[in-house]
Amino acid sequence: MLENAKRLIAPSLRSEVPPFIVMDVMAAAAKIEAAGGRVIHMEVGQPAASAPSAALDAARAALSGSYLGYTEALGMPSLRQRIARHYDEQYGFPIDPGRIIVTTGSSGGFILAFLALFEAGDRVALANPGYPPYRHILSALGCEPVLIQTSAETRWAMTPDALLAEHRRKPLKGVLVASPANPTGTMMQTAALRALIDAAEAEGISVISDEIYHGLDYAFAAETAARLSPNATVVNSFSKYFCMTGWRVGWLVAPEILVRPIERLQQNLAISVPTLSQIAAAAAFDGREEMENVKHGYEENRRILLEGLPKIGFDRFLPVDGAFYLYADVSRFTGDSIDFARRMLEEAGVATTPGLDFDPLHGREFLRFSYAGSADHMREAVVKIGEWIGRR
Ligand SMILES: Cc1ncc(COP(=O)(O)O)c(C=O)c1O
C-alpha cells in the first residue's frame, strides 16, 4: 500500500520545510505528563491567560443569536474600523480603515503579504536568530530567505549597513523586521527602525514589520512601522497581547496599493477569517484593562528570571526588552542545546526551547525561556533548574 502510494505520490520539494522544534519539545512534555509526571512549561510561546472577558461575552452572544456566515474578504467593516481606531489610541497616529485587512492570525498575514509582494525566487532578508516560520513560509512559497546575522554590538537587531552589504552582494526584494522580536525579546528604538526602513526603501527593498508583540514592551514603547512609512506592510495579531492564540485572528496594515491584490488573494485562499473570531476580536479592545493586568504578570515573571537565572549560572542573555522571552547563552554548559533541553525536561521537569529552532548557525549554544506562565511556576523553575545544574 505504502509502496504504491510512494510510486504515485511524491511530496513536492517546497513542502520540505523543517519542523518547528518547539512542537517536538511540547510532544515530549505531553508524554511525561501522560505518564503522571509534572512539567513546568517554558517552551511554548503562548499566554497562559484566557481571552478578555469582553471577547468571550461577545462570542457567546454571537453564538446564540447571529447567523455566522462569511464576512467580506478584507474583514468585518466594524472590526477594521476598530483596529484603525486602535492606532489612534495606542500610537496617536490615525490610519485609514481601508488599509486594514483581517487575517487568520499573523501567520495568515505573512502568507498574504509575501504573495502580494514577492515573486518566486525573490530574496528576503531576515534577522538571525528569528522566528522559524518566516524562513519556512518564504521557502514554501519559492522565495529565498536570507539570514542576516545580528550581534550584541547592534543589540541583536538588523542594521542598515548589514542589510545594504547583503543587498550589494546579491539584490534583495524584501526585509522583515520584528520588534519586540522572538526568540530574543529585543526591540529597536524608533531611530534604529526608521534608519532601517529608510535604507531599505531607498534601495527598493519592501519592508514587512511583524508587530505581534506590541503592547508587551517593558524597556521602552514599541514603534509601529506604519507611522514611519506608508509603504511598510505591518503584520499584527490578537494572539499575544490579547491572549487569543486559538481564535486565529490577526491583521495587516497594508500599503494602499496592496489592498486590492491582497483582497483577491484572501477571497481565493480563505474566503474570509472565521466570523466568530472577528466578533470576539472587535470586543477584545474593551478588555485592555484586563490585558494590562496580564502584562503586569509578565513583568513580574521577567523580574523573577532576571534575578534568579544569573544566580544559577545563566548570566548571559540578550536584552529582555519585550514579548515574553528570555534568550540565554548556555555555551558554558553545552554545545548541544537540543540535548541540554531534553535533559532539563526529563531530569528537572522544565520544558524550554533549544535555540536551534531559531538560529541554524549558533542555536546550539542558546536556549529560549518563555515567561508567559505564572509567577509561581517561574520561581519553581529557577529552583528546579538550579538544583539540576548542581547535580550535573
Ligand atoms: C514573532 C511571531 N510572529 C508571528 C507568530 C504567529 O502568531 P499567530 O499566527 O498566532 O498570530 C508568532 C507566534 O508565536 C511569533 O512568535
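Structure shown above.
Source: prediction; values computed, not measured.

Take the sheet that holds strand β3 (residues 123–128) next. The strand order β2-β8-β7-β6-β5-β3-β4 describes an open sheet built from seven strands, whose pairing is mixed. Lying at the two open borders of the sheet, with one neighbouring strand each, are β2 (100–103) and β4 (144–149). On average, each strand axis in the sheet is tilted by 25 degrees relative to the strand beside it, whichever way the strands run. Two elements, strand β6 (residues 206–210) and strand β7 (residues 233–237), share three bridges in a ladder whose sense is parallel. Bridging from a neighbouring strand, serine 209 pairs with valine 234 of β7.

On to the pattern of salt bridges, then. Counted by the stated rule, this structure contains 24 salt bridges. Of the charged contacts in the structure, one is a salt bridge between aspartate 376 and arginine 379, with a shortest N-O distance of 3.1 Å. Separated by three residues within a single helix, aspartate 376 and arginine 379 lie in helix α14 (residues 375–391), roughly one turn from each other. The class of aspartate 376 is exposed, set by a relative accessible area of 54%. On the accessibility criterion, arginine 379 (40% relative accessible area) is partly exposed. It is possible to trace a salt-bridge network through shared partners that takes in Glu300, Arg303, Glu307, Asp376 and Arg379.

Right, let's get into the sheet that holds strand β9 (residues 325–329). Strand order in the open sheet formed by three strands is β9-β12-β11, and the pairing between neighbours is antiparallel. Both outer strands of the open sheet, β9 and β11 (353–354), are each paired with one neighbouring strand and no more. Two elements, β9 and strand β12 (residues 366–370), share five bridges in a ladder whose sense is antiparallel. Across the sheet, the residue bridging to leucine 326 is phenylalanine 369, located in β12. Strands in contact with helix α13 (residues 337–348) are β11 and β12; relative to β12, the strand with the most contacts, it is inclined by about 40 degrees.

Scoring rules and cut-offs
Residues numbered from 1 in each chain as written. Predicted model: local features only at pLDDT ≥ 70, side-chain atom pairs only at ≥ 80, totals over all residues. Heavy atoms only, no water. Pairing = 2+ DSSP bridges. Helix = DSSP H or I, 4+ residues; strand = E, 2+ residues; numbered from the N terminus. Axes fitted to C-alpha atoms, helices over the stretch in contact; angles between N-to-C directions. Salt bridge = Lys/Arg side-chain N within 4 Å of Asp/Glu carboxyl O. Buried < 20%, exposed > 50% of the residue type's maximum accessible area, 1.4 Å probe, protein only. Contact = heavy atoms within 4.5 Å.

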